[in-house]
Number of protein chains: 2
Amino acid sequence: MAHREDSTSLLKQKGLTPTPHRVMVLGILGNSPSPLSPQEIFATLQRSHPMNRVTLYRILDMLVAHGLVERIQSGDRAFRYGLNAQSPHAEHPHFYCSHCGSIQCVHADSIHVQVEDIQKTFPGLIQRMEIRLDGICKNCLRNHKGKKAGNERAAQKP
Amino acid sequence: MAHREDSTSLLKQKGLTPTPHRVMVLGILGNSPSPLSPQEIFATLQRSHPMNRVTLYRILDMLVAHGLVERIQSGDRAFRYGLNAQSPHAEHPHFYCSHCGSIQCVHADSIHVQVEDIQKTFPGLIQRMEIRLDGICKNCLRNHKGKKAGNERAAQKP
DNA sequence: GACATAATGCAACTGAATTGCATAAAGGTC
DNA sequence: GACCTTTATGCAATTCAGTTGCATTATGTC
Ligand SMILES: [Mn+2]
Ligand SMILES: [Mn+2]
Ligand SMILES: [Zn+2]
Ligand SMILES: [Zn+2]
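Residues numbered from 1 in each chain as written. Chains lettered and ligands numbered in written order. Predicted model: local features only at pLDDT ≥ 70, side-chain atom pairs only at ≥ 80, totals over all residues. Heavy atoms only, no water.

1. Things to note about the coordination of the zinc ion (ligand 3)
Geometrically, a metal with four donors at the corners of a regular tetrahedron has ideal angles of 109.5 degrees, and one with six donors at the corners of a regular octahedron has ideal angles of 90 or 180 degrees.
Residues and elements named next belong to chain A.
Inference 1: The protein atoms that coordinate the zinc ion (ligand 3) are Cys 97 (SG), Cys 100 (SG), Cys 137 (SG) and Cys 140 (SG), at distances spanning 2.2 to 2.3 Å.
Inference 2: Written as a sequence motif, the donor residues of the zinc ion (ligand 3) are C-x2-C-x36-C-x2-C. With Cys 97 in strand S3 (residues 94–97) and Cys 137 in the loop between strand S6 (125–136) and helix H6 (138–142), the pair connects residues that are 40 residues apart, well separated along the chain. In this structure, Cys 97 and Cys 137 share a single accessibility class: buried. (Donors = N, O, S within 2.8 Å, 3.2 Å for Na, K, Ca; no water. Helix = DSSP H or I, 4+ residues; strand = E, 2+ residues; numbered from the N terminus. Buried < 20%, exposed > 50% of the residue type's maximum accessible area, 1.4 Å probe, protein only.)

This is the structure we're talking about:
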């Protein structure tokens, strides 16, 4: 969990001026256990430190471009942003609940994808990998499984 | 590669009336080596069998709902659609070129993700998995790497 | 053929993100 | 501090992909 000072120094390390806006955004991401959508970040900001949503998008883009933040795709049409895991071994899948849209980090060691092996035979340059699991989250499973219909579209039979 | 008759019978198998539109869409997907965006499908259709784009979206949704077609997320904001691999073992990652936006199927056997293992400890219900590799495709690598700037945003340092 | 149901078309709308340009803040030089 | 350049933020309008509501047309059943 990154606190204000951490966020500031992280920004400085990357040669980015630690403006209040940037520090706030990075702090929110650092305090969240799971990646957040711009909307969620925006809502959190509104309460204490309102900013224009374009600014938020630009800050997120910049943080991603400098490797401080990771942008992942969820099952829906909005991206999620989370602090970038420093070590390449901390890569992990994310679970997307197609009912409520929530995202969770999944730390499982039964994931063995040898990108290097694929790279040997694949003609393009592989820079990144993303693994997503789709399904129904714990909460939605018990809150009787069909109350307020969410975005069920992503569920498809294999 | 599914031909007209194949598409028709596939639809019938699922109890769907094989209308010309549906047969065409399924045929296009069957003839493509890689998943296509609605835009690409639409453009292909325009030449021979124009249809309203809402109809296309509805047909794609239906095909996915009935398991004939798989909808995957690429690095950008548009979904891609491809014939659903019948056997669960045919699951494979997809490569997304962040420069030109093209998608390729990656058939590699160095992918070992035991969803069952994850399911043992994960409290939600896992229904599906999606693996995506991001990078620069063969073509974009050689066509001197910085001509018409594409959607470079997805590229982020690990 | 009359009727019910399913499929398609059309227009307007939505949500997420982007673009262009104006304004404000930060930094450097004298 | 005044002056200028660069960087950051705000605001309005726009794009892009997909969705919704409702009218119209096809398809099937008796
Ligand atoms: Mn995570
Ligand atoms: Mn494929
Ligand atoms: Zn849920
Ligand atoms: Zn490419």
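Past the structure itself, the notes keep going.
2. Structural notes on the sheet that holds strand S6 (residues 125–136) of chain B
Inference 1: One open sheet accounts for 6 strands, arranged S4(A)-S3(A)-S6(A)-S6(B)-S3(B)-S4(B); its pairing is mixed. Since the sheet does not close on itself, it has two edges, and those belong to strand S4 (103–105) of chain A together with strand S4 (103–105) of chain B, each with one partner. Taking each pair of neighbouring strands and ignoring which way they run, the sheet shows an average axis angle of 30°.
Inference 2: Bridge count for strand S3 (residues 94–97) of chain B against S4 of chain B is 3 bridges, and the pairing is antiparallel. Its bridge partner being in S4 of chain B, His 94 of chain B is matched across the sheet by Cys 105 of chain B. (Pairing = 2+ DSSP bridges. Axes fitted to C-alpha atoms, helices over the stretch in contact; angles between N-to-C directions.)

3. Focus: the interface of chain B and chain A
Inference 1: Residue-level contacts link 53 residues of chain B with 54 residues of chain A.
Inference 2: Both faces considered, chain B and chain A share a buried interface measuring about 4700 Å² in area, 49% of it formed by carbon and sulfur atoms.
Inference 3: Taken together, the connections running from chain B to chain A amount to 4 salt bridges.
Inference 4: A salt bridge links Arg 132 of chain A to Glu 130 of chain B, with the shortest nitrogen-to-oxygen separation between them at 2.9 Å.
Inference 5: At the boundary of chain B and chain A, one finds 15 residue pairs in polar contact (both at pLDDT 80 or more).
Inference 6: Looking at the side of chain B that touches chain A, the elements with two or more residues in it are helix H4 (53–65), strand S1 (69–73), strand S2 (79–83), strand S5 (111–113), helix H5 (115–121), S6 and helix H6 (138–142) of chain B.
Inference 7: Here the side of chain B that touches chain A gets 12 residues from one element, more than from any other, and that element is S6 of chain B.
Inference 8: Residues belonging to the side of chain B that touches chain A are distributed by class as follows: 25 nonpolar, 15 polar and 13 charged.
Inference 9: As paired strands, S6 of chain A and S6 of chain B are joined by 11 bridges and run antiparallel to one another. Paired with Leu 133 of chain A across the strands is Met 129 of chain B, a residue of S6 of chain B. (Contact = heavy atoms within 4.5 Å. Buried area = accessible area lost by both parts, 1.4 Å probe. Salt bridge = Lys/Arg side-chain N within 4 Å of Asp/Glu carboxyl O. Polar contact = N/O pair within 3.5 Å; in protein donor to acceptor, adjacent residues only side chain to side chain. Nonpolar A, V, L, I, M, F, W, Y, C, P; charged D, E, K, R; others polar.)

4. Focus: the relation of the copies chain B and chain A
Inference 1: In screw terms, the move from chain B to chain A is a rotation of 179° and a rise of 0.0 Å along the axis, fitting with an RMSD of 0.1 Å. The superposition of one copy onto the other is thereby described by a two-fold rotation axis. The rotation axis passes nearest to the C-alpha of Ile 131 of chain B in chain B, at a distance of 2.2 Å. (Least-squares fit on C-alpha atoms with pLDDT ≥ 70 in both.)

5. Overview of the pairing of S3 of chain B
Residues and elements named next belong to chain B.
Inference 1: A two-sided burial pattern is seen for S3, the buried positions comprising His 94 and Tyr 96 on one face and Phe 95 and Cys 97 on the other.
Inference 2: Between S3 and the antiparallel strand that follows it, S4, lie 5 residues; Gly 101 among them carries a positive phi value of about 80°.
Inference 3: Sheet topology note: the S3/S6 ladder contains 4 bridges and is parallel. From the neighbouring strand, Cys 97 faces S6, where its bridge partner is Gly 135.

6. Quick word on helix H4 (residues 53–65) of chain A
Residue and element names in this part refer to chain A.
Inference 1: Helix length check: H4 (13 residues) gives 18 Å between terminal C-alpha atoms against 18 Å at 1.5 Å per residue, within 8%.
Inference 2: Every buried residue of H4 is listed here: Leu 56, Ile 59, Leu 60, Leu 63 and Val 64. All buried residues of H4 fall inside an arc of 135° around its axis, so they share one side.
Inference 3: Looking at where H4 begins, the residue whose side-chain oxygen comes 2.8 Å from the main-chain nitrogen of Val 54 is Asn 52.
Inference 4: Directly beyond the C-terminal end of H4, a positive phi value near 80° is found at Gly 67. (Expected span 1.5 Å × (residues − 1). Arc of directions from axis to C-beta.)

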